[in-house]
Amino acid sequence: MSLLQGDTLTQISFSVFENKGVFAVLLGSGLSRSAEIPTGWEITLDLVRKVAKVQGVADQADWAKWYTTTTGKEPNYSDLLEQIASTPGERRSILHSYIEPNEDEREQGKKVPTPAHHAIAALVRGGFIRVIITTNFDRLMENALREQGIEPTVVASKDALKGAEPLTHSQCYLVKLHGDYKDARILNTDSELSAYPPSYKKLLDRIFDEHGLIVCGWSGEWDHALRSAFLRAPNRRYPVYWALRGEAGEGAQALIRHRAAKQVAINGADDFFKGLQQRVETLTQSQRQNPLSMDLLISSTKRYLSKPEYRIQLDDLFADESNRLMNQLDGVGYTGFDDLKQGQFRKLIAGYEAAVEPLARMVSVMGRWADGRDLPMVIGLVRSLDQHANKYGSGITHLLALRHYPAVLIFTAYGLGLTRAERWHDLHSFLRTELPSRGLDARTLVSELFLDVWNGGEDRNWKQLEGLDNKKMPLSTHLLQLMTEWRKSFDGIGIQFPLLMGRFEMIASLAYFESNDADLLEGSIASKANGELLAFMPVGRVAFDFDVQRPLVQELQSASTRKLLLDAGFSQGSERKLELFFENFSRYCQWVKWKR
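Residues numbered from 1 in each chain as written. Predicted model: local features only at pLDDT ≥ 70, side-chain atom pairs only at ≥ 80, totals over all residues. Heavy atoms only, no water.

Draft legend 1. Structural detail: the pattern of salt bridges. Under the criterion given, the structure shown has 26 salt bridges. Across the pair Arg423 and Asp426 runs a salt bridge whose closest N-O atoms are separated by 2.7 Å. A relative accessible area of 12% means that Arg423 is categorised as buried. Note that Arg576 is salt-bridged to Glu579, the shortest N-O span being 3.3 Å. Of this pair, Arg576 and Glu579 both sit in helix α29 (residues 575-595), three residues apart, which is roughly one turn of that helix. Several salt bridges share partner residues, and in doing so they unite Glu522, Arg562, Glu575, Arg576 and Glu579 into one network. (Salt bridge = Lys/Arg side-chain N within 4 Å of Asp/Glu carboxyl O. Buried < 20%, exposed > 50% of the residue type's maximum accessible area, 1.4 Å probe, protein only. Helix = DSSP H or I, 4+ residues; strand = E, 2+ residues; numbered from the N terminus.)

So this is what it looks like as structure tokens:
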């Protein structure tokens, strides 16, 4: 029995990895349909239906047949648009609702790039895929590429082809065979799809001759000009892989036989391309000439921090590690739609922690020993992680939020480094940094990523981890355990680590509390009984760990430390608000003691 027998995906992964930039992908309507975007023919028939309904025509079983009988010609996308709307602007407005998501659709994850689009874009960023051919006229592929920082060369008409950057010079060459939805010249009828202009034929002949091919989402049945290009290809120097759900139709079977293509049974494009990207990334990690061992990474970081002239090297090292992490996270298959069993939750968390650990250790070192140049670098990373986590807009809320766990780990590790160095101004700036808003309320790092204000921080999640089922504040306890393992990178000796963790958590609570209105707080202390909280704020295990709590409260209430915190901007510089924080903290500790 062969080692790879039955594992076609791994075979493809080796082919793509070993032949970097050789493979092109051919994408059909299957990718856009999973994003709930209709095909050109579906839009055409819907326009026919809408016009007919306005004219009082009853529902028809076959609108294409009705149109042909009524007008004497086939439904034509361009003709219909020109009849309905006289200007390009009006035509774009009509198509907008079919292609572009409204606010509700975006929140539901509709009409936005799918995991398959993102995985392909990640392969392009890694240099493994350079050419994308698509029969779709939406812009999902372009959007996914631009999220990866890639500006593709887009060919959506013969005019665009004339002025396009040469194929060999382009980082990503995107050929939209049927056009772009904002251009009324898109192709959808049989006659329009029967032949391409000579310039298109020449381009396709070159691509099919010089590249391997991965086909997904294309039936191979109706696009006659594309079928002809497939059949014209003279050479088979690189393989063709054809990803299929179910059995291939007669048209696809003929093409598969002609090119000796290897059929790949898939559950869907998302799983297929995510699996391919993840395997290629694994091969990339295993083949790197300079293995990023933890000790080497930390030693290099400390060396680059020691002298200002090493700033470029530090930036490059940080960028390389950040890209490595983002590539790994692109391969994480969890989207938040499926509930997680205990074993699956543990595996997901362990996977995130393994991926983030090198960079988390690096930022904790930067927080401890850098001179301020590190702050915008780490803020940029956290914002990128936040954007990555928000790719999926719908799902089970408290599970979907787990995609932000890498950002939580970076937030915590860097905050500990800043706390260890007593860089209070930078710590305050970091905690109060704003993220892009998704509503009326401001989103700061401390209000999004700290303990149970993070949506993924609910106890029901973290009590699934071994040994935490009966623990108070299981997330805080787990982070203490994890950061204790990672501490040697930045902590050194001479300090009790639970005390450092408690100090960071208590100061982060202070940063969260300061956003409360001072007058409302005064009203609360006047009206509420001693046991009631003045305002909600997240507090970690320091609330019940009295060995940590007592010395910390004494330290933070000392005149010297209070001045340092106020001068750094905590409590908005208000001595009175700081007193109200300690009052609220005391009440919170009593609440935890008796209520949890």
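On we go from here.
Draft legend 2. The nonpolar core, seen in detail. Grouped together as the largest cluster of nonpolar side chains are 101 residues, with contacts concentrated most on Tyr405, Ile410, Phe430, Leu431, Trp462 and Phe570. Phe430 has contacts with Leu375, Val378, Ile379, Val382, Phe411, Tyr414, Gly415, Leu418 and Leu445, leaving out every residue within four places of it along the chain. Counting residues in each nonpolar core, the second largest holds 35 residues, with Val16, Leu27, Ala144 and Leu174 among its members. (Core = buried A, V, L, I, M, F, W, Y, C linked by side-chain atoms within 4.5 Å. Contact = heavy atoms within 4.5 Å.)

Draft legend 3. A look at unusual backbone geometry. A positive phi angle is found at Lys111, which is not glycine, with a value near 60 degrees. With a relative accessible area of 9%, Lys111 lands in the buried category. With a phi close to 50 degrees, Ala260 is a non-glycine residue in the positive phi region. Relative to the elements of secondary structure, Ala260 occurs in the loop between α13 (250-259) and β7 (262-265).

Draft legend 4. Just the sheet that holds strand β2 (residues 129-134), in detail. With respect to topology, seven strands assemble into an open sheet ordered β3-β4-β2-β1-β5-β6-β7, the strand pairing being parallel. Every other strand in the sheet has two partners, leaving β3 (153-155) and β7 as the edge strands with one partner each. Strand-to-strand twist in this sheet, taken as the mean axis angle between neighbours without regard to direction, amounts to 20 degrees. Pairing of β2 with strand β4 (residues 173-176) involves four bridges; the strand directions are parallel. Looking across to β4, one finds that Ile133 is bridged to Val175. Relative to β4, helix α9 (residues 140-147) is tilted by about 165 degrees, and along the sheet it contacts β1 (23-27), β2, β3 and β4. (Pairing = 2+ DSSP bridges. Axes fitted to C-alpha atoms, helices over the stretch in contact; angles between N-to-C directions.)

Draft legend 5. View of the pairing of β1. Across the five residues of β1, five count as buried, placing the element largely inside the fold. On β1, burial covers both faces: Phe23, Val25 and Leu27 on one face and Ala24 and Leu26 on the other are all buried. In terms of strand pairing, β1 meets strand β5 (residues 212-216) through five bridges, oriented parallel. Residue pairing across strands places Leu27 opposite Cys216, the latter belonging to β5.

Draft legend 6. Layout of the pairing of β5. Across the five residues that make up β5, a large majority, five, are buried. Pairing geometry for β5 and strand β6 (residues 240-244), over four bridges, is parallel. By the bridge assignment, Val215 is partnered in β6 with Trp242.

Draft legend 7. Expanded view of empty space enclosed by the protein. On inspection of all chains with the given rule, the structure shows six cavities of 30 Å³ or more. When its volume is computed, the largest cavity comes out at roughly 100 Å³. Lining the largest cavity are 12 residues, and of these Leu451, Asp452, Asp459, Met473 and Val539 sit closest to its centre. The greatest single-element share of the lining of the largest cavity, amounting to three residues, is contributed by helix α24 (residues 474-486). Residues that form the lining of the largest cavity fall into these classes: six nonpolar, three polar and three charged. (1 Å grid on protein atoms, 1.4 Å probe; cavity = no way out; pocket = protein on both sides within 12 Å on 5 of 7 lines; lining within 4 Å. Points joined across faces, edges and corners; volume = space filled by probe spheres on them. Nonpolar A, V, L, I, M, F, W, Y, C, P; charged D, E, K, R; others polar.)

Draft legend 8. The arrangement of the packing of aromatic side chains in detail. By the definition in use, this model includes 26 aromatic pairs. Pairing Trp218 with Trp242 gives two aromatic rings, centres 5.6 Å apart and planes at 20 degrees, and the pair type is stacked. Of the two residues, Trp218 sits in the loop between β5 and α12 (224-232) while Trp242 sits in strand β6, which places them 24 residues apart along the sequence. Overall, Trp218 belongs to the buried group, its relative accessible area being 5%. Among the residues examined, Trp242 registers a relative accessible area of 0% and is labelled buried. Measuring from centroid to centroid gives 5.1 Å for Tyr405 and Trp462, while their planes differ by 50 degrees, and the two rings are tilted. Taken together, the positions of Tyr405 in helix α20 (residues 405-421) and Trp462 in helix α23 (residues 459-462) put the pair 57 residues apart, joining distant regions of the chain. (Phe/Tyr/Trp six-rings, centres within 6.5 Å; stacked < 30°, edge-to-face > 60°.)

Draft legend 9. A look at the packing of α24 against helix α25 (residues 497-513). Contact geometry for α24 and α25: axes closest at 11 Å, N-to-C directions at 130 degrees. The pairing of α24 with α25 is recorded here as oblique in orientation. For the element pair α24 and α25, the recorded crossing hand is right-handed. The segment α24 lies against α25, with Ser476, Leu479, Leu480, Met483 and Thr484 engaging Phe497, Pro498, Met501 and Glu505. Broken down by class, the residue content of the contact of α24 with α25 amounts to six nonpolar, two polar and one charged. (Parallel < 35°, antiparallel > 145°, perpendicular 65-115°, else oblique. Left-handed = near helix turned anticlockwise from the far one by under 90°.)

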